[in-house]
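If you want the building blocks of each chain, they are given just below.
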Amino acid sequence: MAALTHVCMWSDKGWVHITAEEASELHPGGKVSACSGLFMCELCGQYVTLTDGKINRRYFKHSLAEKDKDCPERTFGPGCSIHHNPQEHELPIRIQLRGKSSFFFELGLVRAPISTLSKDFCLVIKPKGVHNYSRKYRKERLRYDDITYLDIGDHPFESYLLEFKNGNDQLREFWPREVRGIEPNGTLFEKSSGNKLVTDADVEMQKEYYLLVRDGFELPSGDICMKLVLQKRINFEFWKLYTVSARALSEEAARFFLQFHCRLTEEPASLYPIWPLYTEGKYILRHHQGTMYMMIHGNVANIMTFPSAEIPPLAANDKAFKLYKISCHRRQQLISAVRVHVLQYTYLWQENLSQEGVIPEVSVTDLNGKEISPGETETLPRGRKLYVSSLFDGMLVVKGKHHVIEQRKIQANEKLLLDEISFGRRIQIFVGLDIVWQLDFEKEKTAVKDDEDALLQQLTSKHGAVIPVPHAVRNILAGMGNYPKIYQWLQKCMKNGIMHEPAYRRLQSIYCKING
């Protein structure tokens, strides 16, 4: 049996790579059985044996008693590169809660070239080996520009078949014939998105997941935190849905997630596009160049593309990242991060990015429900109050003349009350970094009908008590830039240090009219 080279051992930092020589130093002499759980194959996640070989050379090998023989090193030999069909990705399945007592599943169809399909096209989704239980969807139900989630019912089935009526084989590049479903012994889902974790997926500490398992599951203890969400009877079986998380990076917690074919780690596998500019959707990166630079992070054995493309690594750090340059030869191209199974994948779509984004819809109304338009207004709303709502999470910002007065979060589809509105305020609504709505409340300015010579005559003709020039005159001077004659007269008064009190009162009145 061929010696294994992709082997890891549990440490206080998680699973770390180890050679047979290093393992021999830690465990000198004798055989270390796979049953000990000390060494694990990095490619298939099964425990392996450290055994003696010829000429006192020790090596790792798989156990003959293993039920799962699906390991690339077992098939292709030691030191192999991963031979994997990048089309063998799993379409996303997600779980959705229906109230407090039920759930159902949705199958996600990634974006595909469906515009050329006939109106008679029909997609049939049915459980493998189950009759009289299928869902049919016509072309109108599918989205061309994004992922389409389709209801596949509330029964957990282990696999689903996808059949086309009046379709074409090109769709098989995007939608496989068979999709893995729900494992009765336990299936993990991301709690935030509801998406099912793929086989051999990475699990992070302190992050909550859903665990769906058939009744009879033994609850763990220690570093695993589990809470029952709901239980549901389906035919003659009870299914239970839990939230589950790892409190610490421990071997006990790691072994718990291994039984569901997932690995606890501090560095989950990730795909990061670096260049060129792109827009990102679910499982899709849109770009308009012949080359894509991609960073791969975490424990990833290889990356692959379909159709195949040149992917030389430009830089590598086993513990941090690998940087690849991907030559894009087709409009649609699949790139996959692979260990034994596909961990993550995305489609690279070459298309023109010069598209105008749609401004997110927001609603601003007064107490009467009247829609308030953005721009400028010289009227305060009734009660000096406004209601704000948005389809997306955002931020409400209230500004004064020189500073931000208030910032409040806007929750999607929830009404937010803004009160104590006054003149001199600017109301802005942000979604992301974009200002999608803005309104300025400006007090109506009274026009000064008299010309500057007449105004100056009024000021200089005033007599009465003489007073020291008030300090406020300096501020008034700054607002008289468009009235040079009055400006010069004020400078002269300030230089002399005195002015007539009636002239000062008239000056205040003129200033208020000019500056509102």
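If you're wondering where the values come from, they're calculated on a predicted model, not measured in any experiment.

Participant: Could you clarify how one ought to interpret the nonpolar core in this entry?
Facilitator: Burial of nonpolar side chains together is a common tendency in soluble globular proteins. One finds Phe105, Leu107, Leu109, Trp175 and Leu212 to be the most contacted residues of the largest nonpolar core, which totals 40 residues. Among the elements that take part in this core, strand β7 (residues 102-109) stands out by supplying 4 residues, more than any other.

Participant: Is there a simple way to explain the sheet that holds strand β31 (residues 394-399) in this structure?
Facilitator: Strand pairing in a sheet relies on backbone hydrogen bonds. The paired strands run either parallel or antiparallel. Here we have 5 strands laid out as an open sheet, ordered β29-β35-β34-β31-β32, and mixed in their pairing. The sheet is open, and its two edges are formed by β29 (375-377) and β32 (404-410), each paired on a single side. Each adjacent strand pair in this sheet contributes to an overall mean axis angle of 15°, direction not counted. Bridge count between β31 and β32: 6 bridges; the pairing is antiparallel. The residue bridging Lys399 from the neighbouring strand is Val404, located in β32.

Participant: Can you walk me through the packing of aromatic side chains in this structure?
Facilitator: The relative placement of two aromatic rings is captured by the distance of their centres and the angle of their planes. Applying the stated criterion to the full structure yields 10 aromatic pairs. Aromatic side chains Tyr209 and Phe257 sit 6.5 Å apart centroid to centroid with 65° between the ring planes, which places their arrangement in the edge-to-face category. Of the two residues, Tyr209 sits in strand β15 (residues 209-214) while Phe257 sits in helix α3 (residues 251-258), which places them 48 residues apart along the sequence. For the pair Tyr209 and Phe257, one class covers both residues: buried. Ring geometry for Phe256 against Phe260: centres 5.3 Å apart, planes inclined by 75°, an arrangement best described as edge-to-face. Taken as a pair, Phe256 and Phe260 share a single burial class, namely buried.

Participant: What should I look at first to understand the sheet that holds strand β6 (residues 93-98) in this one?
Facilitator: Spatially, the 3 strands line up as an open sheet ordered β6-β7-β10, and their pairing is antiparallel. The open sheet terminates on both sides in strands that have one partner only, identified here as β6 and β10 (148-153). Across the sheet, the axes of successive neighbouring strands diverge by a mean angle of 35°, strand direction being ignored. As paired elements, β7 and β10 share 5 bridges and run antiparallel to each other.

Participant: What should I look at first to understand the packing of helix α4 (residues 452-460) against helix α6 (residues 484-496) in this one?
Facilitator: Relative orientation and spacing of two packed helices are given, respectively, by the angle between their axes and the distance between those axes. As a packed pair, α4 and α6 sit with axes 9 Å apart at the nearest point and diverge in direction by 25°. Judged by the inter-axis angle, α4 sits roughly parallel to α6. The residues of α6 that touch α4, namely those facing Glu452, Asp453, Leu455, Leu456, Leu459 and Thr460, are Pro484, Lys485, Ile486 and Trp489. Of the residues in the contact of α4 with α6, the class split is 6 nonpolar, 1 polar and 3 charged.

Participant: How should α6 be read in this particular structure?
Facilitator: Given a rise of 1.5 Å per residue, 13 residues ought to cover 18 Å, and the 19 Å separating the end C-alpha atoms of α6 matches this to within 8%. Listed in full, the buried residues belonging to α6 are Ile486, Trp489, Leu490 and Cys493. Taken end-on, α6 shows its buried residues confined to a sector of 100°, consistent with a single buried face. Residues of α6 that are exposed and point over 90 degrees away from its buried face: Gln488, Lys492 and Lys495. One or two steps after α6, the chain reaches Gly497, where phi turns positive at roughly 85°.

Participant: Would you explain a nonpolar patch on the surface in this entry?
Facilitator: A surface patch of nonpolar side chains, about 460 Å² in accessible area, is lined by Tyr272, Ile274, Trp275 and Leu277. Relative to the elements of secondary structure, Trp275 occurs in strand β19 (residues 270-275).

Participant: Can you help me understand the confidence of the model for the protein chain in this one?
Facilitator: Low pLDDT marks regions whose predicted coordinates should not be analysed in detail. Across the protein chain, the average pLDDT comes to 81, with 85% of residues at 70 or higher. Of all helices and strands in the protein chain, the one with the weakest mean pLDDT is helix α2 (residues 72-76) (54), whereas strand β13 (residues 187-190) scores best (94). Residue range residues 76-87 is modelled with pLDDT below 50. Its contacts to residues more than four positions away, or to other chains, number 33 contacts.

Scoring rules and cut-offs
- Positions within a chain are numbered from 1, following the residues in the order the chain's sequence is written.
- Selection of residues for local features in this predicted model requires a pLDDT of at least 70, selection of side-chain atom pairs for listing and counting requires 80 or more, and totals for whole chains, interfaces and linings are taken over all residues.
- To obtain the side-chain values, all non-hydrogen atoms of the structure were included, while hydrogens and water were left out.
- Within this scheme, the nonpolar core is defined by two criteria: the residues are buried Ala, Val, Leu, Ile, Met, Phe, Trp, Tyr or Cys, and they are joined through side-chain atoms within 4.5 Å.
- Three exposure classes are used, based on accessible area relative to the maximum for each residue type with a 1.4 Å probe and protein chains only: buried under 20%, partly exposed in between, and exposed over 50%.
- A run of H or I in DSSP becomes a helix once it reaches four residues, and a run of E becomes a strand once it reaches two; helices and strands are each numbered from the N terminus.
- Strand pairing is assigned whenever DSSP detects at least two bridges linking the two strands.
- Lines fitted to C-alpha atoms define the axes, with helix axes restricted to the stretch in contact, and inter-axis angles between N-to-C directions lie between 0 and 180 degrees.
- Classification of ring pairs uses Phe, Tyr and Trp, with its six-membered ring standing for Trp, and accepts pairs whose centres are within 6.5 Å; under 30 degrees between planes counts as stacked, over 60 as edge-to-face, and the remaining range as tilted.
- Each angle gets one of four labels, with under 35 degrees taken as roughly parallel, over 145 as roughly antiparallel, 65 to 115 as roughly perpendicular, and the rest as oblique.
- By the convention used here, residues are in contact when the closest approach between their heavy atoms is within 4.5 Å.
- The classification used treats Ala, Val, Leu, Ile, Met, Phe, Trp, Tyr, Cys and Pro as nonpolar, Asp, Glu, Lys and Arg as charged, and all other residues, Gly among them, as polar.
- Helix span is expected to be 1.5 Å times the residue number reduced by one.
- Taking the helix axis as origin, the arc is that swept by the directions to the C-beta atoms.
- Patch building starts from residues that exceed 30% relative accessible area and form no salt bridge, then joins like charges within 9 Å and nonpolar side chains (Val, Leu, Ile, Met, Phe, Trp, Tyr) within 5 Å.
- Here the open area of atoms and residues is found with the Shrake-Rupley method and a 1.4 Å probe, where only the protein chains shown may cover a residue.
- Should a side-chain nitrogen of Lys or Arg be within 4 Å of a carboxyl oxygen of Asp or Glu, the pair is scored as a salt bridge.
- The pLDDT value tells you how sure the predictor is about a given residue, anywhere from 0 up to 100.

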